[in-house]
Amino acid sequence: MEAIKLRTIDRKDNEEIARLIRDVLAEMGVPKVGTVYEDKALDMMFETYDQPNKAYFVIEEDNKIIGGAGIAPLDKGSSNTCELQKMYFLPIARGKGLGFKMINKCLDFAKQEGFTKCYLETMPYMKAARKLYRKLGFTDLDGPVGDTGHYSCQAWMIKDL
């Protein structure tokens, strides 16, 4: 069995990560409108994140992607604020500390890029994810920041880097 590997996304990963994200969204009962599900970027993740101040990372086990997350500048937000984006894991990847490792990888990248705050949006009922975010220093906000276009996401959090 091959070790779990955390790495930067490759072009060849586009189809697999898009399918993974859509599968997890469906599993969680996330609306298809006003969420990541309808993002055009979902089918071209490598190209979307292969730009300055952006990165997307995947976790693979036995050459199969089991999770991913990215960092990008917050749309229509302060230039010092980035967003933790599209963080999703298959059920087999959950509860193993991989989310913790992934977020730290993303936050390390954000700090290297000079961001001083990290914002994220999620769903109120994604309790395990929100618990992890709080453990890593994210705090709840009363409303959204910037303009992600994800109006169906009703839980917002931020962290000072």
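It should be noted that the structure appears before, not after, this text.
Conventions we followed
Residues numbered from 1 in each chain as written. Predicted model: local features only at pLDDT ≥ 70, side-chain atom pairs only at ≥ 80, totals over all residues. Heavy atoms only, no water. Helix = DSSP H or I, 4+ residues; strand = E, 2+ residues; numbered from the N terminus. Rg over C-alpha atoms; globule rule 2.2 N^0.38 Å. Buried < 20%, exposed > 50% of the residue type's maximum accessible area, 1.4 Å probe, protein only. Contact = heavy atoms within 4.5 Å. Areas by Shrake-Rupley, 256 points an atom, 1.4 Å probe, with all protein chains shown as cover. Lys, Arg positive; Asp, Glu negative; His and termini not counted. Charge placed at Lys NZ, Arg CZ, Asp CG, Glu CD. Disulfide = S-S within 2.5 Å. Pairing = 2+ DSSP bridges. Axes fitted to C-alpha atoms, helices over the stretch in contact; angles between N-to-C directions.

Visitor: In this structure, what is going on with the overall build of the protein? I would like to understand it.
Guide: Of regular secondary structure, the protein possesses four helices and seven strands. Overall, the protein shows an N-to-C arrangement of helices and strands of β-α-α-β-β-β-α-β-α-β-β. At 14 Å, the protein has a C-alpha radius of gyration in line with the 15 Å of a compact globule built from 161 residues. Oriented by its inertia axes, the alpha-carbon framework of the protein measures out at about 45 × 35 × 30 Å. The buried share of the protein, reckoned over its 161 residues, is 48%. Contacts in the protein between residues far apart in sequence, at least 24 positions, make up 66% of those at least 6 positions apart. When the accessible area of the protein is evaluated, it comes to approximately 8,300 Å², of which 52% is carbon and sulfur surface. In the protein, the 24 positive side-chain charges and the 24 negative ones have mean positions that sit 4 Å from each other.

Visitor: For this particular structure, what's the right way to read the state of the cysteines?
Guide: When the sulfur atoms of two cysteines share a covalent bond, that bond is a disulfide. All told, the structure shown has zero disulfides when counted by the stated rule. No disulfide involves cysteine 82; its sulfur sits 3.8 Å from that of cysteine 118, the nearest cysteine. The class for cysteine 82 is buried, based on a relative accessible area of 0%. Judged by relative accessible area, which is 0%, cysteine 118 ranks as buried.

Visitor: Just to check I follow, could you spell out the sheet that holds strand 5 (residues 117-122) for this structure?
Guide: The pairing of strands in a sheet comes from backbone hydrogen bonds and takes either a parallel or an antiparallel form. Read across the open sheet, the seven strands follow the order 1-2-3-4-5-7-6; overall the sheet is mixed. For this open sheet the edge positions go to strand 1 (5-8) and strand 6 (139-141), each flanked by a neighbour on one side alone. With strand direction ignored, the average angle separating the axes of adjacent strands in the sheet is 25°. Here six bridges tie strand 3 (residues 64-73) to strand 4 (residues 81-89), and the two strands are oriented antiparallel to one another. Paired with proline 73 across the bridge in strand 4 is cysteine 82.

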